[in-house]
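The primary structure of each chain is shown beneath.
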Amino acid sequence: TVSVARNGSASQSITYADLNGNPMPAGTEISYSVSGNGLSLGQPNSFDVPCASSPTSYPVTVIASNTATDGTLTVRVEAPSGLATLFTYPVDVTP
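Keep in mind that this is a model prediction, so the values were computed, not measured. (Residues numbered from 1 in each chain as written. Predicted model: local features only at pLDDT ≥ 70, side-chain atom pairs only at ≥ 80, totals over all residues. Heavy atoms only, no water.)

S.K.: Explain the nonpolar core here, please?
M.R.: Nonpolar side chains tend toward joint burial in soluble globular proteins. The biggest cluster of nonpolar side chains holds 22 residues, and the ones touching the most others in it are Tyr16, Ile30, Tyr32 and Val91. Those elements that provide at least two residues to this core are β1 (2–5), β2 (8–16), β3 (29–35), β4 (39–41), β6 (56–64), β7 (71–78) and β8 (84–94). Per element, the largest residue contribution to this core is four residues, and it comes from β6. Discounting chain neighbours no more than four positions away, the residues touching isoleucine 30 are Tyr16, Asn45, Ser46, Phe47, Val49, Tyr58, Val75, Arg76 and Val77. (Core = buried A, V, L, I, M, F, W, Y, C linked by side-chain atoms within 4.5 Å. Buried < 20%, exposed > 50% of the residue type's maximum accessible area, 1.4 Å probe, protein only. Helix = DSSP H or I, 4+ residues; strand = E, 2+ residues; numbered from the N terminus. Contact = heavy atoms within 4.5 Å.)

S.K.: Looking at this model, I keep getting lost on the sheet that holds β6. Mind explaining?
M.R.: In sheet architecture, strand pairing relies on hydrogen bonds along the backbone and comes in two forms, parallel and antiparallel. Across the sheet, three strands lie side by side as β2-β6-β4; this open sheet has antiparallel pairing. Looking at which strands have only one partner, the edges of the open sheet turn out to be β2 and β4. Strand-to-strand twist across the sheet, computed as the mean angle between neighbouring axes with direction ignored, equals 25°. (Pairing = 2+ DSSP bridges. Axes fitted to C-alpha atoms, helices over the stretch in contact; angles between N-to-C directions.)

S.K.: So what exactly am I meant to see when it comes to the packing of aromatic side chains here?
M.R.: This structure, assessed with the given rule, holds three aromatic pairs. Ring geometry for tyrosine 16 against tyrosine 58: centres 6.2 Å apart, planes inclined by 40°, an arrangement best described as tilted. Of this pair, tyrosine 16 sits in strand β2 while tyrosine 58 is found in strand β6, placing the two residues 42 residues apart along the sequence. Each of the two residues, tyrosine 16 as well as tyrosine 58, counts as buried. Grouped by ring-pair contacts, the aromatic residues Tyr16, Tyr32, Phe47 and Tyr58 constitute a single cluster. (Phe/Tyr/Trp six-rings, centres within 6.5 Å; stacked < 30°, edge-to-face > 60°.)

As C-alpha cells, this is what we get:
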C-alpha cells in the first residue's frame, strides 16, 4: 500500500528480481501508472534495466492534489522476451 497525504507526495523504492532473486535481464522495461481522482506520478516514471549483477531498485513518487481520492498504482515489468507482468498496489489518500 502507498499512503499519501492530500496536497502531498510519497516516494517509495521497489526492488526488482526474478523468482530466484537474480537481477532482471538487461533491457527489461519497468513503468509506473496511477489511477484515481487527483493522483499523478513524479518523473521519471519508467526505467530500462541495465546489465547488473544484483537486483535493481527504482523509485516511484505518487502526488496527490488537495481533492485526491484513493486509487491504484500499477507497475508493468516487461522482459526483453516480451513477457509482461503487472502488479497493482492500493493508494490510500489521507486528509
